Amino acid sequence: MTQDRPDHYPFRDIETKWQRVWEETGLFRVGEEPGRPKFYCLEMFPYPSGRIHMGHVRNYAIGDAVTRYKRMRGFNVLHPMGWDAFGLPAENAAIENGVHPAVWTYENIATMKAQMKTLGISYDWDREVATCDPEYYRWEQLIFVRMFERGLAYRKSARVNWCPGCQTVLANEQVEAGRCWRCDSEVVTREIDGWYFKITAYAEELLEWCDRLVGWPERVLTMQRNWIGKSEGAEFDLPIAGRPDLAIRVFTTRPDTSFGMTYAVLAPEHPLVDQLVTDPAEREAVAGFRAEVGRETEIERLATDRPKHGLRLRARALNPFNGAEVPLFIADYVLMGYGTGAIMAVPGEDQRDWDFAKAYGLPIIETVRRPPGWTGEAYTGDGVKVNSGFLDGLTVAEAKRRAIDWLVARGLGEGKVNYRLRDWGISRQRYWGAPIPIVYCPKCGTVPERPERLPVVLPQDVQITGKGGSPIADVPAFVNTTCPRCGGPARRETDTMDTFVDSAWYFLRFCSPRHAGGLADPEAVHYWMPVDQYTGGIEHAILHLLYARFYTKVLRDLGYFKIDEPFQRLFTQGMVIKDGAKMSKSKGNVVSPDDFIATYGADTGRVFELFMAPPEKDLEWSDQGVEGAFRFLNRVWRLFQANRPALAERGIPVGELSAPGRAFRRTVHETIQRVTADLEDFHFNTAISALHELVNSMQTFATESLDRAAATERASLLTEAVDTLVRLLAPFAPHLAEELWAQLGHRDSVFRAAWPEPDPAALEREAVQVVVQVDGRVRTRLNVPPGIAEERLRREALADEKVRPWLASREVARVVVVPDRLVNIVTRGARSPA
Ligand SMILES: [Zn+2]
Ligand SMILES: [Zn+2]
C-alpha cells in the first residue's frame, strides 16, 4: 500500500481530518441570505442501488468543483444530495433475497452516503431527502389530487408498453429501440387501465421554452424538440365513394400535395374499418391482417427502413380537391395514436408512401417540380407546384396556406397542429412506489383522497412475489377504506406512481427539505430556484428532464411557485469507460472508491477524473492516468514542504522586480486567468494542465541559485505563488488544498477565502523584442512595449541608427510590420544621383 511509503504525502490523515472539520464546523450548511448572490448547484440524485463506483464519481466531482469554486467567488452555494429511493431493483432484491425493499433501500443509502463522505463532496447533508419517505411523497400525492381536480391527471384504458421483465407498464419515453430502458427486455403492448398526466397540454410551452434554455446543450434541446414533435398542417375529411354517411378524417403536414394523393390509408385498428367492411370474407381478411400487425411493436411499425404491409379494402375514398376516386388500404405504417389514425398518401412527396406505392403497384404523381438532375425517390424539398390545379405555380409554403384556405372556405377542414408527444402514463403495477391517492366508491365513483388524509402510506407488510399485479392489492387493510366523500366503504387504487414523478420535483424539496406545510417553502424556493447548474447523464435528456420541466410548469399553474423552468444551465457529462465498456456493476468492470481511496486518496480520484478528458467526453479509465494524478499531488506536497523556510518570510515587501522575477510573477497571474476562464467554461482538464505548468515553473524558479538579494525576492514571489496555487487547486483537490492552506498559517477554511484575482500590473509584458530587417537581413533588434502601434514601430525602425546607414543610398519601397515581432524594410535599389 502506497500509504506506507514515506515518499507519498499523508493523504489518508489529511482527508480524514478535513472531512471531520468540515462536518464539525458545518462549512457546507447554508441558508437563505437575501441580498447575497446565490448559486444552486445540483447533480442528478442517484438511485440507491447498492454501492457507488468510480464511474459515478465523475458527476459528483464535477458538481463539487463548481460548488467550491463558486463559494470562493462569493456565492451562497446550495449543494444538496438525496436519494431517488423508490423503484424496481429494491423489489427485485426482495424477490431474490427475501429482504424487504425498505430495509434494502435504507441499507444502501447508508452505505452510499458513507462512501460519498469519504470522497469529501461538499454536500449540505442536513438537506438529505429520500423519495420513499412518506413525508416526501405525501406532497406529490397532494399535487396528484390537485392535478386530478384540474383534469391534468386522469384515468383511461389504452394500449400501452408492457415490460414482461419488470411486469409493469412503461411510458413511451422509457422504451428505447423497442426495449425496456431499465432491464432491456423486449417491450410488448397491452390494453390496460391506468393513470395519465396530461403533459400534452404543455406541449407548446415545453417546445417554445427550448429556444430560451440557452444554458442547455443544443443536443439535449434537439432531442426534446424531436420528442415533442410538433407538426403543422391541415385536417380534413375524405368522403367514401357511395357511402355519404361516412368520411375519413386525415391529418397531413403537406396539404399542398393533396392533388398527388393516389391512395388513402387507415390504421388497422381504426374504428371506422368495421363500418367500411361488411362482407364476411373481407371481414375475415381484415381480422387476419390485424392479428399480424398486433404482433409488431409500435417502434417496428414506425421504422422507416422496413417493408410496409397493407391490405386493400373494397371501399374507395374520394379526394375532395379534385373529386378523384382512390384506393383505400389498412396498413401497419399508420398508427391510431398519431394524428387522426388515417392519411392521404402522396408517394411523390413522402418516402414512406413512395415505398408502399412501389410495393403495391400504385401510381405516383409529382406535385413539386424537381430540381434539375433529380434522380431520387420521394421529393420533400421546396419548389414550384405542378399537377395541382389551382395551386400550380405557387411555392410549397404558399400552396400550403392556399390549400388550407380552400378547405376552410368550403367547410371541409381546417389548419391543425399535431404533436408526437403522448400523455405521460404514470401507473405502475408494482409495490415500491408512492401510492396513487384515489379511492373507488360504489356510490361516488372515482374520488381523490382528502388532503388532510394524506399521506396514503405504502403498507410495509406485503408479500412480494414478482408474479405481476400490484402486491398491495392483496393487503386488505390497505385496499379497504372509507370514501373521502360519503364515508361509505370503498377501495383504494393499488397502482403506484412512476418513480419519475418522485424525481420531477426533488430539487424544489431541497430548498426547504423539512417544510411541514407543503411541498416546499415558497420563500426558500424563490430564493434558491432555478437550479443554476445541473449536471447528469445524457440518458436523462428526455425522460427526467422533460418530466421535471412539465411538473415545474404544473406547480406554477396550480399557484405554488412562480417558476417557469427548473434548470438554468445543464451539463451532461460523458461516461466512464473501462475495458471497452461503460463502468457498471452489470458489466463487472467497476473500480470501488473504497479501495481507490485507501490506495490513492479521494483527491487523486477527483483530479484524475477531471483531468483525463474533457468532461462532456467519455473518460477511459487508466491506471497510468491515476498514477499521474497521484504523482502531481505529491509534487505539490513536496514543493510546498521543500520551500517552507522560504514561505516563512512571507510578506516581505519587494521593490522593483528582477527580469526573471517579473516573468515568474506573470506566469502566476496568467495561470489565475486561465484557470478561472476554464472553470467558467467547464474545461476542468485544461485548468488542471495549467496548474501542472505552474508547478513546473515554481519548481524551476525555486531551485535556481541566487545571491542574497535575489533570494529575498524569490521568497516573496514563491509565497505569493504558493498561496495562489493552493487556492486554484482547492476546487479539484479540496483536502490537500485545505491542509496546505492551514500550513500557510490561515485560521479559516480555504473555502472561505476569496478566489485569486489576476493583477493587471503582473500581466503586463514590459517589452517585446522586434527584429528589424533591411531587404531580408537582420540589422538590429528593438525593445518596445507590447502592442505598440504599427505606425510608431515603423517610425522607430526607420530612425534607428543601426538601420539608417543601410538606407542612405536606397529608396524605401515599402515597410512590412508584423506587430510585436518584425519590421522588414524593402528598398528599391541605389538612389539615383540627385
Ligand atoms: Zn423492464
Ligand atoms: Zn362515496
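Here is a short report on the structure shown in this document. Here the residue numbers are simple positions, counted from 1 along each chain's written sequence. The naming scheme follows written order: chains are lettered A onward, ligands numbered 1 onward. Reporting of local features is limited, given that this is a predicted model, to residues whose pLDDT is at least 70; pairs of side-chain atoms are given and counted only at 80 or more, and all residues count toward the totals for whole chains, interfaces and linings. Remark: hydrogens and water are excluded; side-chain values derive from all non-hydrogen atoms of the structure.

## Notes on the overall build of the protein
Test applied: The secondary structure listing takes helices from DSSP runs of H or I that are at least 4 residues long and strands from runs of E that are at least 2 residues long, numbered from the N terminus. Three labels apply to residues, based on accessible area from a 1.4 Å probe with only protein chains included: buried if under 20% of the type maximum, exposed if over 50%, partly exposed otherwise in between. Only heavy atoms matter for contacts: two residues are in contact if any of them lie within 4.5 Å across the pair. In this tally, Lys and Arg are treated as positive and Asp and Glu as negative; His is ignored, and so are the chain termini. We put the charge of a Lys on NZ, of an Arg on CZ, of an Asp on CG and of a Glu on CD.
When helices and strands are tallied, the protein shows 28 helices and 30 strands. Projected onto the principal axes, the alpha-carbon positions of the protein cover approximately 110 × 90 × 50 Å. Looking at the 834 residues of the protein, the share that counts as buried comes to 54%. Residue pairs in contact within the protein that sit at least 24 positions apart in sequence constitute 72% of those at least 6 positions apart. Across the protein, the centroid of the 104 positively charged side chains sits 2 Å from that of the 113 negatively charged ones.

## Regarding the nonpolar core
Taken as a class, soluble globular proteins show a tendency for nonpolar side chains to be buried jointly. In plain terms, the rule: We call a set of buried Ala, Val, Leu, Ile, Met, Phe, Trp, Tyr and Cys residues a nonpolar core when their side-chain atoms join them within 4.5 Å.
Counting 182 residues, the largest nonpolar core has Y40, M147, F197, W424, F507, F732 and L736 as its most contacted members. Contact partners of F507, with chain neighbours within four places excluded, come to Y40, L42, M529, V531, A548, T552, P566 and F567. Membership of the second largest hydrophobic core comes to 35 residues, among which are L266, V273, V286 and I330.

## Observations regarding the sheet that holds strand β20 (residues 489-492)
Condition: Paired strands are those between which DSSP finds at least two bridges. Axis lines are fitted to C-alpha atoms, over the contacting stretch for helices. Their N-to-C directions set the angle, which ranges from 0 to 180 degrees.
A sheet is described by the order of its strands in space; here four strands give the open sequence β18-β17-β20-β19, paired in antiparallel fashion. On the outer flanks of this sheet lie β18 (445-448) and β19 (480-482), each paired with one strand and no other. When strand polarity is set aside, the average angle formed by the axes of neighbouring strands in this sheet is 45°. Where β19 lies against β20, three bridges are found, and the strand directions are antiparallel. Residue pairing in the sheet places T481 in a bridge with A490 of β20.

## Description of the pattern of salt bridges
Under the convention used in this document: Salt bridges are counted wherever a side-chain nitrogen of Lys or Arg sits within 4 Å of a carboxyl oxygen of Asp or Glu.
A full pass over the atoms with the stated rule returns 57 salt bridges. As a salt-bridge pair, R306 and D332 come within 3.9 Å of each other at their nearest N and O atoms. With a gap of 26 residues between them, R306 in the loop between α10 (298-302) and β11 (310-318) and D332 in the loop between β12 (325-331) and β13 (342-345) connect regions that are remote in the sequence. A relative accessible area of 24% places R306 in the partly exposed class. Here R453 and E449 are joined by a salt bridge, their closest N and O atoms 2.7 Å apart. Taking relative accessible area as the criterion, R453 reaches 27% and is therefore assigned partly exposed. Counted as one network, the salt bridges with shared partners bring together E205, R549, K553, R556, D557, D564 and E565.

## Looking at the environment of V771
By secondary structure assignment, the location of V771 is in strand β27 (residues 768-774). For the pair V771 and P280, spaced 491 residues apart in sequence, the C-alpha to C-alpha distance is 98 Å. Not counting the four nearest positions on each side in its chain, V771 is found in contact with V778, T780, R781, R821, L822 and V823.

## Quick notes on the pairing of strand β1 (residues 38-43)
Here is the rule: Handedness of a crossover is defined as follows: with both strands directed away from the viewer, a clockwise route from the first strand across the helix to the second makes it right-handed.
Burial analysis of β1 places six of its six residues in the buried class, the great majority of the element. Burial along β1 is two-sided: the residues K38, Y40 and L42 and F39, C41 and E43 are all buried. Alignment of β1 against strand β2 (residues 76-78), held across three bridges, turns out to be parallel. Within the sheet, the bridge partner assigned to K38 lies in β2 and is N76. What joins β1 to β2 is helix α2 (residues 54-72), and the crossover it makes is right-handed. Here three bridges tie β1 to strand β22 (residues 533-537), and the two strands are oriented parallel to one another. Bridging across to β22, E43 finds its partner in T535.

## Things to note about helix α1 (residues 11-25)
What counts is decided by this rule: Every helix has an expected span of 1.5 Å times one less than the residues it contains. An arc is given here, and it is the one of the directions from the helix axis to the C-beta atoms.
The terminal C-alpha atoms of α1 lie 21 Å apart, and with 15 residues this matches the ideal 21 Å at 1.5 Å per residue to within 8%. Turning to α1, its buried residues are F11, I14, E15, W18, Q19 and W22. Projected down its long axis, α1 shows its buried positions confined to an angular sector of 120°, all on one face. Looking at α1, the residues exposed on the side facing more than 90 degrees away from the buried face are D13 and E24. Elements that come into contact with the buried residues of α1 comprise α2, α4 (101-119), α18 (593-599), α19 (602-611), α20 (623-642) and α25 (734-743). Directly beyond the C-terminal end of α1, a positive phi value near 60° is found at G26.

## Concerning the environment of T552
Along the chain, T552 turns up in helix α17 (residues 543-557). Those residues in contact with T552, other than ones at most four positions away along the chain, are F507, I563, D564, E565 and P566.

## Some words on the packing of helix α6 (residues 203-210) against α17
The cut-off we apply is this: Orientation labels follow simple angle bins: below 35 degrees gives roughly parallel, above 145 gives roughly antiparallel, 65 to 115 gives roughly perpendicular, and whatever is left gives oblique. For any helix crossing, the convention is left-handed if the near helix is rotated counterclockwise from the far helix by under a right angle, and right-handed if that rotation is clockwise. For this scheme, ten residues count as nonpolar: Ala, Val, Leu, Ile, Met, Phe, Trp, Tyr, Cys and Pro. Four count as charged, namely Asp, Glu, Lys and Arg, and the remainder, Gly too, count as polar.
Packing of α6 against α17 leaves a shortest axis separation of 11 Å and a crossing angle of 115°. Classed by the angle they form, the pair α6 and α17 counts as roughly perpendicular. Considering only the axes of α6 and α17, their crossing is right-handed. Every residue of α17 that contacts α6 at E205, L206, W209 and C210 is listed here: L546, R549, F550, K553 and R556. The residue inventory of the contact of α6 with α17, partitioned by class, reads five nonpolar, no polar and four charged.

## Considerations on the coordination of the zinc ion (ligand 1)
Heads up, the condition is: Here a donor is any nitrogen, oxygen or sulfur atom (N, O, S) within 2.8 Å of the metal, with 3.2 Å used for Na, K and Ca; water is not among the atoms considered, so some sites may look incomplete. Irregular is the label for any site that misses the other tests, which are tetrahedral for four donors with all angles between 85 and 135 degrees, and square planar for four donors or octahedral for six when opposite donors exceed 155 degrees and the remaining angles lie between 65 and 115.
For the zinc ion (ligand 1), the full set of protein donor atoms is C163 (SG), C166 (SG), C180 (SG) and C183 (SG), and the range of their distances to it is 2.2 to 2.3 Å. Coordination at the zinc ion (ligand 1) is tetrahedral, judged from the four donor atoms that bind it and the angles of 98 to 116° they form at the metal. Here the donor residues for the zinc ion (ligand 1) map to a single chain with the spacing C-x2-C-x13-C-x2-C. A residue pair is termed long-range when its members are at least 10 positions apart, and C163 in strand β3 (residues 153-163) and C183 in the loop between β6 (179-180) and β7 (188-197) qualify at 20 residues.

## Notes on the coordination of the zinc ion (ligand 2)
Summarising the metal site, the zinc ion (ligand 2) is bound by the protein donors C441 (SG), C444 (SG), C483 (SG) and C486 (SG), whose distances to it range over 2.2 to 2.4 Å. What the four donor atoms of the zinc ion (ligand 2) show is an angle range of 107 to 113° at the metal, which sorts the shape as tetrahedral. Read in sequence order, the donor residues for the zinc ion (ligand 2) give the motif C-x2-C-x38-C-x2-C.

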